[in-house]
Amino acid sequence: MRILLYDATTYDKDSFDKELKNYPGVEVTYQEIDISLKTVSLAKGYDAICAFVNSDLSAPVIEALHEIGVKLVLLRCAGFNNVDISKANELGVTVLRVPGYSPEAVAEHAMTLALAVNRHVHKSYIKVRENNFSLVGLTGVNFYQKTAGIIGTGKIGAAMCRICHGFGMKVIAYDMYPNKDLEFVEYKSLDEVLRESDLLSLHCPLTEDTYHMINKDTIAMMKDRVVFVNTSRGALVKTEDLIQGIRSKKFFGVGLDVYEEEGANVFENREDELLDSSVTARLLSFPNVIITSHQAFLTMEALAAISQITLQNAIDYENGTIAEVNQVK
């Protein structure tokens, strides 16, 4: 099994190389550039390609892969909204993903964002570096005995529920399929969760139903001075409405690991460029907003799990023993 891994970083290479010793029948070649119509030809002669959450796997790219004989797309991530699944199914191209590599990694980052923006860590860090030890502008709020609202209680959302519970928070949640293992969580309607939460965290997939679920109407339902966190998908939030909410002082703080129009920025060093979109710059102009670069997944444990499951997916495909939960249909 020969795999071409696109958009390879140093941490990708390190984690996959460590796992490859356990998969002697698999050979991985690393390519720093990402897959596109211009680079798909590099996969000629390979059995599979490995791509990430922001890779271009649109219908034309899937067609091009099919034409050069690539029948397997390995996603080293859980999300697959960047893949034209209908075209893949039409052409017999199998798409496998990593649905549950380390939910705690993402949940811990979500709480990190919430804590950092609440206690103004980003501001105090800069002030102290400039020898400014004033506490003015750094007042936060206790999370203890406040209400945490979790939208989506799959593996990541459940991990976030447990973290908030450990902080001594009352935890309420909305999910179409309540998690019976979360006995301390009170499930409520979406409107109730929006209205009652002091900390609101998104942990749901991006679908037609959830697209722009956070908009001017749902923001208006929220408590004043709410702490809002999104580590799921940027398009869950209508950015223009979020910006208006920040300007109207609706939010005490906003922590985003994902945001709309992040595509060209994700995992790239663009420090010497002028950003094409003003959305990022506008969000960063607010003192109560922290944005990180789609890094919630990035722990050593998560990277090891991603590498292991991706390589096992390749072996399972070859052996005809694909785990249903890993196959995108």
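See the structure shown above.
Residues numbered from 1 in each chain as written. Predicted model: local features only at pLDDT ≥ 70, side-chain atom pairs only at ≥ 80, totals over all residues. Heavy atoms only, no water.

1. Section: the overall build of the protein
And then number 1: The number of helices and strands found in the protein is eleven helices and 13 strands.
And then number 2: Its C-alpha atoms give the protein a radius of gyration of 21 Å, within 12% of the compact-globule value 20 Å for 329 residues.
And then number 3: Residues classed as buried in the protein amount to 50% of the 329 residues present.
And then number 4: In the protein, once contacts between residues fewer than 6 apart in sequence are set aside, the share between residues at least 24 apart is 69%.
And then number 5: Split by element, the accessible area of the protein, about 16100 Å² in all, is 52% carbon and sulfur.
And then number 6: The centroid of the 32 positive side-chain charges in the protein is displaced by 6 Å from the centroid of its 44 negative side-chain charges. (Helix = DSSP H or I, 4+ residues; strand = E, 2+ residues; numbered from the N terminus. Rg over C-alpha atoms; globule rule 2.2 N^0.38 Å. Buried < 20%, exposed > 50% of the residue type's maximum accessible area, 1.4 Å probe, protein only. Contact = heavy atoms within 4.5 Å. Areas by Shrake-Rupley, 256 points an atom, 1.4 Å probe, with all protein chains shown as cover. Lys, Arg positive; Asp, Glu negative; His and termini not counted. Charge placed at Lys NZ, Arg CZ, Asp CG, Glu CD.)

2. Some details on helix α9 (residues 239-247)
And then number 1: Looking only at α9, the buried set comprises T239, D241, L242, I243, G245 and I246.
And then number 2: Looking at the packing, one finds that the buried side of α9 touches α8 (216-221), β10 (226-230), β11 (251-256), α10 (279-284) and β12 (289-291).
And then number 3: Once α9 ends, the next one or two residues include K249, with phi positive near 65°.

3. Brief notes about the nonpolar core
And then number 1: Counting 35 residues, the largest nonpolar core has I49, L57 and L65 as the members making the most contacts within it.
And then number 2: Elements supplying a minimum of two residues to this core: β3 (48-51), α2 (59-67), β4 (72-75), α3 (85-91), α4 (103-118) and α11 (300-319).
And then number 3: Excluding residues that lie within four positions of it along the chain, I49 makes contacts with I3, L4, Y6, I35, A43, L57, L65, V70, L72, V73 and L74.
And then number 4: Within the second largest apolar cluster, 27 residues are counted, among which are V193, V226, F251 and L256. (Core = buried A, V, L, I, M, F, W, Y, C linked by side-chain atoms within 4.5 Å.)

4. Let's talk about the sheet that holds β10
Working definition: the strands of a sheet are paired by backbone hydrogen bonds and lie parallel or antiparallel to each other.
And then number 1: Taken in spatial order, the seven strands make up an open sheet running β8-β7-β6-β9-β10-β11-β12, and their pairing is parallel. The open sheet has two edge strands with one neighbour each: β8 (186-187) and β12.
And then number 2: Bridge analysis of β10 against β11 gives five bridges, and the strand direction is parallel. Residue pairing for β11: V229 is matched across the bridge by G255.
And then number 3: Along the sheet, α9 makes contact with β10, β11 and β12, crossing β11 at roughly 145°. (Pairing = 2+ DSSP bridges. Axes fitted to C-alpha atoms, helices over the stretch in contact; angles between N-to-C directions.)

5. Quick notes on the environment of A48
And then number 1: Its location among the elements puts A48 in strand β3.
And then number 2: Taking the relative accessible area as the measure of exposure, A48 reaches 0% and is therefore buried.
And then number 3: Counting along the chain gives 60 residues from A48 to E108, while the straight-line C-alpha distance between them is 33 Å.
And then number 4: Residues within four places of A48 in sequence aside, it is in contact with M1, R2, I3, L4, V70, L72 and L74.

6. Details of the pattern of salt bridges
And then number 1: Counted according to the given criterion, the structure contains twelve salt bridges.
And then number 2: Note that E186 is salt-bridged to K170, the shortest N-O span being 4.0 Å. On the criterion of sequence distance, the pair formed by E186 in strand β8 and K170 in strand β7 (residues 170-174) is long-range, its members being 16 residues apart.
And then number 3: Accessibility expressed as a relative area gives 42% for K170, which makes it partly exposed.
And then number 4: A salt bridge links E324 to K329; the nearest nitrogen and oxygen atoms lie 2.6 Å apart. Here E324 matches K329 in class, with each residue exposed.
And then number 5: Taken together, the shared-partner salt bridges connect K170, E186, K188 and E196 into one network. (Salt bridge = Lys/Arg side-chain N within 4 Å of Asp/Glu carboxyl O.)

7. What to know about the sheet that holds strand β1 (residues 2-5)
And then number 1: The sheet built from six strands is open, its strands ordered β2-β1-β3-β4-β5-β13 with mixed pairing. Every interior strand has two partners, whereas the edge strands, β2 (27-30) and β13 (327-328), have only one.
And then number 2: Note that β1 and β3 share three bridges and pair parallel. For L4, the partnering residue across the bridge sits in β3 and is I49.
And then number 3: Helix-sheet contacts for helix α1 (residues 10-20) involve β1, β2 and β3, and the interaxial angle to β2 is about 170°.

8. Brief notes about the pairing of β2
And then number 1: Bridge count for β1 against β2 is four bridges, and the pairing is parallel. Of the residues in β2, the one forming a bridge with L4 is T29.
And then number 2: Tracing the backbone out of β1, into α1 and back to the parallel element β2 gives a crossover that is right-handed. (Right-handed = clockwise from strand over helix to strand, strands pointing away.)

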